[in-house]
Amino acid sequence: MTYRDTQKRIVAEVAMMLDSISEEQVSALVEEIGKAEKVFFVGVGRVLLSLEAMAKRLAHLGVHTVVVGQITEPAITDQDLLIVGSGSGESMFPLGIAKKAKQFGATVAHIGSNPDSSMKAYADLMVRMPTQTKLGLADEIRSIQPMSSLFEQCLLLLGDTVALMMVEAQEIDIHGLWRYHANLE
């Protein structure tokens, strides 16, 4: 396969997956982000990388974001939102953090593929991306890509979509956002 053929197949998969996400679920997530005092993010591996990108972009919009485990992490409260990225909804670390967040009264949003996962016990809302996971469920969208690449790619793009929705809803001057960009580079 050539580069051109391969990238077209990947882009087609990404478009199909993003089209499969419920607009109502995304709107509910945007609403919870807007209500939260702080927005925490937890995931592992490449999922965490996509969540870190989402946290960074939302921070540019003035949202107080925290990646679980960072050295300056404050306490979570009942005024906060925890966004959990886990395709399977069964990863031990995100499950443990979600359980702990609920003990402090935080709202938990799960972005994942499996609506009947163990995460269901802790999630107040879910944004479902029915991508292929390690579980191989019947209704998952199969991918030509290795492992959970499609989930991680779509998670990153979902984060950018949420950010743009917030920019447009709040009529934020998009060019003025550069003042929030890192400048010690």
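Scope of this entry: the structure provided in the associated data block. Since we're looking at a predicted model, the values are computed, not measured. (Residues numbered from 1 in each chain as written. Predicted model: local features only at pLDDT ≥ 70, side-chain atom pairs only at ≥ 80, totals over all residues. Heavy atoms only, no water.)

With that out of the way, let us pick up the nonpolar core. Within the largest apolar cluster, 36 residues are counted, with the highest numbers of intra-cluster contacts made by Leu29, Ile33, Leu58, Ile83, Ile111 and Val162. Breaking this core down by element, the ones donating at least two residues are α1 (3-20), α2 (23-35), β1 (39-42), α3 (45-60), β3 (81-85), β4 (107-112), β5 (125-128) and α5 (149-169). The element best represented in this core is α5, accounting for nine residues. Filtering out sequence-adjacent residues up to four positions away, Ile83 remains in contact with Leu29, Ile33, Val39, Phe40, Phe41, Val42, Leu51, Ala109 and Ile111. Counting residues in hydrophobic clusters, the runner-up holds 13 residues, among them Val42, Val66, Ala101 and Val108. (Core = buried A, V, L, I, M, F, W, Y, C linked by side-chain atoms within 4.5 Å. Buried < 20%, exposed > 50% of the residue type's maximum accessible area, 1.4 Å probe, protein only. Helix = DSSP H or I, 4+ residues; strand = E, 2+ residues; numbered from the N terminus. Contact = heavy atoms within 4.5 Å.)

Time to look at the environment of Leu29. Mapped onto the fold, Leu29 is located in helix α2. In this structure, the C-alpha to C-alpha distance between Leu29 and Val162, residues 133 residues apart in sequence, is 8.4 Å. Leaving out residues up to four positions away in the same chain, Leu29 has contacts with Ile83, Ala109, Ile111, Leu125, Val127 and Val162.

The next thing to look at is the packing of α2 against α5. At a minimum axis distance of 11 Å, the contact between α2 and α5 shows a crossing angle of 65 degrees. The crossing of α2 and α5 is right-handed. Residues Val26, Ser27, Leu29, Val30 and Ile33 of α2 pack against Leu158, Val162, Met165 and Met166 of α5. Broken down by class, the residue content of the contact of α2 with α5 amounts to eight nonpolar, one polar and no charged. (Axes fitted to C-alpha atoms, helices over the stretch in contact; angles between N-to-C directions. Left-handed = near helix turned anticlockwise from the far one by under 90°. Nonpolar A, V, L, I, M, F, W, Y, C, P; charged D, E, K, R; others polar.)

Okay, the sheet that holds β3 next. In a beta sheet, neighbouring strands pair by backbone hydrogen bonds and run either parallel or antiparallel. Reading across the sheet, the five strands line up as β2-β1-β3-β4-β5 and stay open at both edges, with parallel pairing between neighbours. Of all the strands in the sheet, just β2 (65-67) and β5 have a single pairing partner and so form its edges. Taken pair by pair, the neighbouring strands of this sheet meet at an average axis angle of 20 degrees, ignoring direction. Here β1 pairs with β3 via four bridges, running parallel. Residue pairing in the sheet places Val39 in a bridge with Leu81 of β3. Packing against the sheet, α2 makes contact with β1, β3, β4 and β5, and its axis sits at approximately 130 degrees to β5. (Pairing = 2+ DSSP bridges.)

With that out of the way, let us pick up the packing of α3 against α5. Packed helices, taken two at a time, are described by the angle between their axes plus the distance between the axes. Packing of α3 against α5 leaves a shortest axis separation of 9 Å and a crossing angle of 10 degrees. Between α3 and α5, the interaxial angle falls into the category roughly parallel. Residues Arg46, Val47, Ser50, Leu51, Ala53, Met54, Arg57 and Leu58 of α3 lie in contact with α5, whose contacting residues are Ser149, Phe151, Glu152, Leu155, Leu156, Leu158, Gly159, Asp160, Val162, Ala163 and Met166. Classifying every residue of the contact of α3 with α5 gives 12 nonpolar, three polar and four charged. (Parallel < 35°, antiparallel > 145°, perpendicular 65-115°, else oblique.)

Honestly, that's just the spatial picture; any functional story needs more than this.
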